[in-house]
Amino acid sequence: MLSRISYALRETAAGFRRNVTLTAAAIITSAVALLLVGTTFLIQRAFDNLLTRWKGDVELIVYVRSDATPEQVQLIEGALKSQPSIIDVDRLRYLNQAESYAEAERLFAGDPGTLRLLTPENIPSQFKVVPIAEDSALVRELGEQFRQLAGVKEVAYAQDVFDVVSRVSQFIRVATTAMSLILLVVAVGLIWNTIRTAMFARRREIEVMKLVGATNWFIRIPFMLEGLVQGLVGGVLSCLGLWGLNTAWTNAVTDFNDTELAALVVTDGYASWIMVLLLGIGALAGAIGSGIAASRFLDV
């Protein structure tokens, strides 16, 4: 058993040495493709962070002072519910201070300076309002009325931000996904061609191995392992590139100290999860390309 494993590893290493140019091209192409895949996921998560406060068709947020009394909170809630012709009362949501702070941790992940100033005790609670009325002027007029209520700190409007960000997010997601899929297909093709070339170069050796009784799988495994390693190395390179891009973006946003840009930073474990996914996709792409080639061109 150990001798077979040793043989497979030796032949895999030999395959890399025989086809340095093709192997490098396959690895680089797969790395770029996987980097685009990872970047697509990160961009989508960043836009989701930016739109966190406006999810669920929310167009109006009434922020309640942290020192507001329970009676004032009830008064604001009652005033909101008294407008069933303008707002959707059933979808009215109240986020207490703990829930508002949890949302702020995601929104201001890229702005630690602002986040340090907030605590679950001093952050405003909030009512998230989903309007029924399609007249934006009417919604704004309602918001200005609530601004005058005791205990209200601020009233925020979605305006056109949600539509603009959603359209940009959709465009970027479609464009990067299409490019990454095309490059992944190219990477699989390059790995396929690399294995095909390697098998053709060793056609005499393969013929001799068959004559002495070697099974097809015994011959295939080193070639398939070679393709899998190519895809995996491409995945590792893409992870390094993704980590570098995310780190550079996070540092740049922190330097700008812009709260809106801060919401576009992904600092939780999501990036690590994406890197694991990229490694899996890279290994799978390499295995598919080499597996097809090793099966199709075994009889050389």
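Above this text you will find the structure in question.
Computed from a predicted model, the values in this text were never measured in an experiment.

(A) Expanded view of the pairing of strand E3 (residues 125–129). E3 sits mainly inside the fold: five of its five residues count as buried. The alternating pattern of E3 places Ser 125, Phe 127 and Val 129 and Gln 126 and Lys 128 on opposite faces, both of which are buried. Alignment of strand E1 (residues 60–64) against E3, held across five bridges, turns out to be antiparallel. What sits directly across from Leu 60, in E3, is Val 129. Relative to E3, strand E2 (residues 93–95) is paired through three bridges, and the arrangement is antiparallel. When the bridges of E3 are listed, Leu 95 appears paired with Gln 126.

(B) Focus on helix H4 (residues 97–107). By the burial criterion, the buried members of H4 are Ser 100, Tyr 101, Glu 103, Ala 104 and Leu 107. Angularly, the buried residues of H4 cover 160 degrees about the axis, an arc narrow enough to put them on a single face.

(C) Structural detail: the nonpolar core. The biggest cluster of nonpolar side chains holds 19 residues, and the ones touching the most others in it are Val 62, Val 64, Ile 76, Leu 80, Ile 87, Phe 127 and Val 129. The dominant element in this core, judged by the number of residues it contributes, is helix H3 (residues 70–81), at four residues. Once residues within four sequence positions are removed from consideration, Ile 76 is found in contact with Val 62, Val 64, Phe 127, Phe 146, Leu 149, Ala 150, Gly 151 and Val 152. In this structure, Ala 33, Leu 242, Tyr 270 and Leu 278 belong to the second largest nonpolar core, which totals 16 residues.

(D) Spotlight on a nonpolar patch on the surface. A cluster of nonpolar side chains, Val 233, Val 236, Leu 237 and Leu 240, forms an exposed patch at the surface whose accessible area comes to about 320 Å². Relative to the helices and strands, Val 236 is located in helix H9 (residues 216–256). Looking at Val 236, the relative accessible area reads 40%, which means it is partly exposed.

(E) Region of interest: H3. Under the 1.5 Å per step criterion, the end-to-end length of H3 is 16 Å for 12 residues, consistent within 8% with the ideal 16 Å. Looking at H3, one finds that the buried residues are Val 73, Ile 76, Ala 79 and Leu 80. In a view along the axis of H3, the buried residues occupy a sector of 125 degrees, so they form one face of it. Those residues of H3 that are exposed and angled more than 90 degrees off the buried face are Pro 70, Glu 71 and Gln 74.

(F) Expanded view of the pattern of salt bridges. Inspection of every chain in the model, using the stated rule, returns five salt bridges. Glu 77 is the partner of Lys 81 in a salt bridge, and the nearest nitrogen-oxygen pair spans 3.1 Å. A residue pair is termed a helical-turn pair when its members lie 3 or 4 positions apart in one helix, as Lys 81 and Glu 77 do in helix H3 at four residues. Glu 144 is the salt-bridge partner of Arg 147, the closest N and O atoms lying 3.0 Å from each other. Of this pair, Arg 147 and Glu 144 both sit in helix H6 (residues 136–147), three residues apart, roughly one helical turn. What emerges from the salt-bridge pattern is a single network uniting Glu 144, Arg 147 and Glu 154.

(G) Focus on the sheet that holds E3. The antiparallel open sheet is built from four strands, whose spatial order is E2-E3-E1-E4. Edge positions in the sheet fall to E2 and strand E4 (152–157), since each of these pairs with one other strand and no more. Taken over all neighbouring pairs, the strand axes of this sheet differ in orientation by 20 degrees on average, direction set aside. Packed onto the sheet, H3 meets E1, E2, E3 and E4 and runs at close to 5 degrees relative to E3.

Each value, and the rule that gives it
Residues numbered from 1 in each chain as written. Predicted model: local features only at pLDDT ≥ 70, side-chain atom pairs only at ≥ 80, totals over all residues. Heavy atoms only, no water. Buried < 20%, exposed > 50% of the residue type's maximum accessible area, 1.4 Å probe, protein only. Helix = DSSP H or I, 4+ residues; strand = E, 2+ residues; numbered from the N terminus. Pairing = 2+ DSSP bridges. Arc of directions from axis to C-beta. Core = buried A, V, L, I, M, F, W, Y, C linked by side-chain atoms within 4.5 Å. Contact = heavy atoms within 4.5 Å. Patch = residues over 30% accessible without salt bridge, like charges linked within 9 Å, V, L, I, M, F, W, Y side chains within 5 Å. Areas by Shrake-Rupley, 256 points an atom, 1.4 Å probe, with all protein chains shown as cover. Salt bridge = Lys/Arg side-chain N within 4 Å of Asp/Glu carboxyl O. Expected span 1.5 Å × (residues − 1). Axes fitted to C-alpha atoms, helices over the stretch in contact; angles between N-to-C directions.

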